[in-house]
Amino acid sequence: MSSAMAPVKPSGTAGPKEVELILVKEQNGVQFTSSALVSPSGQTHPSGEERETWGKKIDFLLSVIGFAVDLANVWRFPYLCYKNGGGAFLVPYLFFMVIAGMPLFYMELALGQYNREGAAGVWKICPIFKGVGFTVILISLYVGFYYNVIIAWALFYLFSSFSGELPWIHCNNTWNSPNCSDLNSTLLNDTYKTTPALEYFERGVLHLHESSGIDDLGLPRWQLTSCLAVVIVVLYFSLWKGVKTSGKVVWITATMPYVVLTVLLLRGITLPGAIDGIKAYLSVDFLRLCDAQVWIEAATQICFSLGVGFGVLIAFSSYNKFSNNCYSKISPVHFSLNVFKFGKKGPGLVFIIYPEAIATLPGSSVWAVIFFIMLLTLGIDSAMGGMESVITGLTDEFKFLHKHRELFTLFIVVFTFLISLICVTNGGIYVFTLLDHFAAGTSILFGVLIEAIGISWFYGVDRFSDDIQEMIGQRPGLYWRLCWKFVSPCFLLFMVVVSFATFNPPKYGSYYFPAWATMLGWCLSISSMIMVPLYAFYKFCSLPGSFCDKLAYAITPETEHHLVERGEVRQFTLHHWLVV
């Protein structure tokens with residue numbers, strides 16, 4: 001066992017200087033750390049039990065990349081780029097990436113690493129904001145209810161691809177309707193015709209034709225239920241031992257998509273008309289930049305592209321060594337390109353348009369296997385990240401769960417499986433669409449907004465910068481501090497307002513959801529956002545003293561409550577609110 005003492009850094013107005021003692025030991029190739037805060041008087045305040053850390057830095061980096069590069073990059077970004085002016089869409093996208101995306105990404109990594117807690121526990125820096133930690137935990141849990149279903153669909157397609165002829169090529173299958181027309185048939189001027197790929201997904205896989213709507217779900221399909229069970233088992237054994245198992249799994253799941261994408265790219269650019277397809281896809285229509293909706297969709301996509309607001313980045317970075325340079329780990333911007341025509345987005349793009357295009361290639365079965373393996377690996381590591389956010393967030397908040405990590409992980413994955421069964425019924429796609437529309441839309445923007453306000457204004461950008469300097473030895477530049485305090489909160493506030501103002505009720509194809517279903521969706525969304533005011537009210541009421549005393553304790557870091565007793569409250573000074 002070896003020990004290292006973090007250098008003492010002046011904390012400005014933050015009160016007494018603090019020293020963090022880090023104990024490191026090796027056990028079966030896995031490093032563990034334990035830390036304590038030592039005050040000038042010599043008193044030691046435990047900051048937590050022995051905490052597991054990543055075996056290698058690359059494990060953390062691959063986990064972050066694997067979570068951020070998920071299925072949404074395959075079905076959402078290409079569609080948005082094609083829809084909103086091609087290459088012109090990259091202008092607002094890059095703009096928002098610079099002023100908001102990367103600063104928020106950096107903020108979450110630093111927050112988790114310094115405090116070594118999950119999404120809820122980190123708010124010991126400003127206790128009244130702990131509710132936002134539970135907000136992001138709930139969002140990750142809700143997303144898991146339907147995200148695992150996507151992976152199950154991909155697994156079903158993978159099994160179906162091991163055949164001499166892909167089942168979505170022709171209309172001579174038992175599930176096809178009289179409206180089905182083969183790929184080579186002309187579908188123009190006939191809106192009632194459908195393709196084999198569309199009917200395979202909706203009738204062969206989902207059995208959507210056996211449901212009349214969300215009020216007629218039916219029983220779970222055993223084939224999809226089996227695929228979902230396989231996904232859940234894989235997730236459990238990837239997570240049950242913590243980062244010492246998940247950190248090894250991502251070596252495959254995070255790197256495989258790039259290998260497959262490279263293969264598909266090389267194959268795609270050799271096809272006839274490939275250059276024309278790329279030109280058409282990236283053709284620049286700068287007039288589209290005059291449309292406010294283009295900028296709104298670019299801003300929304302930033303949150304999904306980088307994965308902020310799910311608590312995953314906080315959970316992952318909490319397992320870093322205290323002195324790890326999280327600034328250097330900020331991943332570069334990635335883009336997903338495709339040369340096919342985008343008439344759909346979401347599941348329709350991945351499970352209808354892509355398979356339809358693959359079916360036209362020579363050796364289509366081989367290419368289908370490769371493609372759906374890529375989808376599986378993209379989905380698995382992102383699902384792992386979401387579940388790790390829930391598990392780490394709750395085990396760090398409720399310490400007794402630490403000793404029962406394996407059982408608690410089993411409980412979470414089984415609970416997720418049971419809820420997900422609703423999405424593999426005949427009408428499951430309607431529940432899936434409802435969850436996709438409400439689980440992580442406005443609520444995630446709201447969560448990141450409160451997170452940014454809590455850190456930048458109440459905890460303080462200057463104090464947060466001191467924390468980063470204590471970890472990596474250098475203070476964040478003026479660009480980061482200005483974005484954290486002004487630009488990012490304004491950006492997020494604008495996005496929250498716009499998301500409410502431009503709300504459109506969910507629909508699937510030509511099916512419009514009944515009013516009660518939309519209300520149920522809003523209840524789901526509000527159930528996570530309401531944790532912020534509920535916990536703030538609870539915390540305020542549970543603290544002793546007068547109104548001012550309660551407020552002081554609620555917005556002061558727990559390690560500085562002794563300063564409140566002396567009347568030294570940073571947040572009650574003008575300097576705290578003006579300094580950058």
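Residues numbered from 1 in each chain as written. Predicted model: local features only at pLDDT ≥ 70, side-chain atom pairs only at ≥ 80, totals over all residues. Heavy atoms only, no water.

Description of the confidence of the model for the protein chain
- When pLDDT is averaged along the protein chain, the result is 84; 86% of the residues meet or exceed 70.
- Segment residues 185–189: pLDDT under 50, and three contacts once partners within four positions in sequence are set aside and those in other chains are kept.
- Predicted confidence is poor over residues 331–343, with pLDDT under 50, and the contacts of this stretch with residues over four places away or in other chains come to 37 contacts. (pLDDT = per-residue confidence, 0-100. Contact = heavy atoms within 4.5 Å.)

As for the packing of helix α11 (residues 292–306) against helix α18 (residues 478–501)
- One can describe the packing of α11 onto α18 by two numbers: an axis separation of 11 Å at closest approach and a directional angle of 115°. For the pair α11 and α18, the crossing hand works out as left-handed. Two secondary-structure elements touch here, α11 through I296, A299 and T300 and α18 through F491, M495 and V498.
- Considering only residue class, the contact of α11 with α18 consists of five nonpolar, one polar and no charged. (Axes fitted to C-alpha atoms, helices over the stretch in contact; angles between N-to-C directions. Helix = DSSP H or I, 4+ residues; strand = E, 2+ residues; numbered from the N terminus. Left-handed = near helix turned anticlockwise from the far one by under 90°. Nonpolar A, V, L, I, M, F, W, Y, C, P; charged D, E, K, R; others polar.)

Regarding the packing of aromatic side chains
- Scanning the model with the defined rule gives 53 aromatic pairs in all.
- When the centroid spacing of 5.3 Å and the interplanar angle of 40° are considered together, the rings of Y157 and W168 count as tilted. In this pair, Y157 is assigned in helix α5 (residues 130–161) and W168 in the loop between α5 and α6 (196–205), connecting sequence segments eleven residues apart. Pair check on accessibility: Y157 and W168 agree, each one buried.
- Geometrically, the ring pair formed by F503 and W522 is tilted, given 4.9 Å between the ring centres and 50° between the ring planes. Note that F503 is positioned in the loop between α18 and β6 (507–508) and W522 in helix α19 (residues 515–529), a separation of 19 residues in sequence.
- On the accessibility criterion, F503 (27% relative accessible area) is partly exposed.
- Taken together, the ring pairs in this structure connect Y146, W153, Y157, W168, W175, Y200, F201, F351, Y354, F371, F372 and F432 into an aromatic cluster.
- Over the ring of W240 we find K241; its NZ or CZ atom is 4.8 Å from the centre of that ring.
- The positively charged end of R570 is found above the aromatic ring belonging to Y459, 6.0 Å away from the centroid. (Phe/Tyr/Trp six-rings, centres within 6.5 Å; stacked < 30°, edge-to-face > 60°. Buried < 20%, exposed > 50% of the residue type's maximum accessible area, 1.4 Å probe, protein only. Lys NZ or Arg CZ within 6 Å of the ring centre and 35° of its normal.)

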